[in-house]
Amino acid sequence: MIDIFGPISMKLDLQSELTEQLNIEEVFHFNVGGVRIGFDETTVVSWIIIAVFTVLAIILTRNFKVTGEISKRQQILEMLYEKGENFFKGILSEKVEKYIPWLMSMALFIGTSNIIGLFGMKPPTKSMQVTAAMAVTSIVLVEYASIKEKGIIGRIKALAKPIWIITPINILEIFTKPLSLCMRLFGNIIAAFTIMELVKAIIPVGVPVILSLYFDIFDGLLQAYIFVFLTALYLQEAVEDEEETEKRKQLKKIKKRSRKEKNKAAKSA
């Protein structure tokens, strides 16, 4: 006999599984003056990630030297840091290079949060409150950098560029930027998780392992890259005026052309 209720049963099972996985459970709570303060799974996992990186940073940077012979550990860590720093220097001007350590820290946190599900923990980025908090933090930093560079009056004047009539749009953009950062990160993580659950329900063996390499690792790291890349661009736009932006673009074109000419000369030689 044909089980006509099979597809319905499968649909209900999948729906309940997705609901269970997406549900963020409270781990513990306490009351302060009659106000209940709760802490859910994503908050606790975020604390674990921060604690692990803090301990690793303390252990790995012990006995670092400024002068004299340095250890292989220090050489490797300095090389990795320089790689990350050079990547952001290709995007940012000297005005915002001081924010590179913050951008690299954010990339490490988001990247780890996205792939921590492989270790049986619930990724913090599955929670809208976590992605929203990171997005708001990024935009607060952008506005701080802009005000510090241009001053409060200069920042207000920048909202009226290129013409005063689009000032409301520029003001609205301050709020839409963190919203887009938040929804892009949260939406991609949830979409990847949902697709993986659908694949597991249809093809439980083999294929999910292969797709997991993409959705759980590559896509997770890619989303971290996109988040910090966009934040870096927002920082750059916030501190530069039109003339500085144009000069930087022209300088980048000159450097690119120079590299191409060097590569051609090297190939012909």
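Summary of the structure given here. Here the structure is a predicted model, which means the values were calculated and not measured. (Residues numbered from 1 in each chain as written. Predicted model: local features only at pLDDT ≥ 70, side-chain atom pairs only at ≥ 80, totals over all residues. Heavy atoms only, no water.)

### Quick look at the overall build of the protein
Helix and strand counts for the protein come out as eight helices and two strands. Traced from its N-terminal end to its C-terminal end, the protein shows the element sequence α-β-β-α-α-α-α-α-α-α. Looking at the protein as a whole, 30% of its 269 residues qualify as buried. For the protein, the proportion of contacts with a sequence separation of at least 24, taken over those separated by at least 6, is 65%. When the accessible surface of the protein is summed, it comes to about 17800 Å², and 67% of that surface belongs to carbon and sulfur atoms. (Helix = DSSP H or I, 4+ residues; strand = E, 2+ residues; numbered from the N terminus. Buried < 20%, exposed > 50% of the residue type's maximum accessible area, 1.4 Å probe, protein only. Contact = heavy atoms within 4.5 Å. Areas by Shrake-Rupley, 256 points an atom, 1.4 Å probe, with all protein chains shown as cover.)

### Observations concerning the side chain of Q74
You can see Q74 is positioned in helix α3 (residues 72-89). With a relative accessible area of 2%, Q74 lands in the buried category. Here E78 takes part through its side chain, which lies 2.9 Å from a polar atom of the side chain of Q74. Beyond its immediate chain neighbours, meaning those up to four positions away, Q74 contacts N63, F64 and K65. (Polar contact = N/O pair within 3.5 Å; in protein donor to acceptor, adjacent residues only side chain to side chain.)

### Quick word on the pairing of strand β1 (residues 26-32)
Side-chain direction in a regular strand flips from residue to residue, so the side chains alternate between the two faces of the sheet. Examined bridge by bridge, β1 and strand β2 (residues 35-40) share six bridges and lie antiparallel to one another. Across the sheet, residue V32 finds its bridge partner in β2, namely V35. The hairpin turn running from β1 into β2, its antiparallel successor, is two residues long, and G33 in that turn takes a positive phi close to 60°. (Pairing = 2+ DSSP bridges.)

### Regarding the nonpolar core
Looking at soluble globular proteins, one finds that nonpolar side chains tend to be buried together. Of all hydrophobic cores here, the largest spans 34 residues; its most connected members are F88, L92, I110, M134, L181, F227 and L235. Elements supplying a minimum of two residues to this core: α2 (41-60), α4 (100-115), α5 (128-158), α6 (167-202) and α7 (207-239). Considering each element in turn, this core owes the most residues, nine residues, to α7. Among all residues touching L181, those that are not within four sequence positions of it are A135, S138, I139, F227, L230, T231 and Y234. (Core = buried A, V, L, I, M, F, W, Y, C linked by side-chain atoms within 4.5 Å.)

### A short note on the packing of α5 against α6
In the contact formed by α5 and α6, the axes pass within 8 Å of each other and the chain directions differ by 155°. Viewed along their axes, α5 and α6 adopt a mutual orientation that is roughly antiparallel. The element α5 and its partner α6 pack so that their crossing is right-handed. Across the interface between the two elements, M128, T131, A132, M134, A135, V136, S138, I139, E143, R155 and A158 from α5 touch N170, I174, K177, P178, L181, C182, M183, L185 and F186 from α6. Within the contact of α5 with α6, the residues separate by chemical class into 14 nonpolar, three polar and three charged. (Axes fitted to C-alpha atoms, helices over the stretch in contact; angles between N-to-C directions. Parallel < 35°, antiparallel > 145°, perpendicular 65-115°, else oblique. Left-handed = near helix turned anticlockwise from the far one by under 90°. Nonpolar A, V, L, I, M, F, W, Y, C, P; charged D, E, K, R; others polar.)

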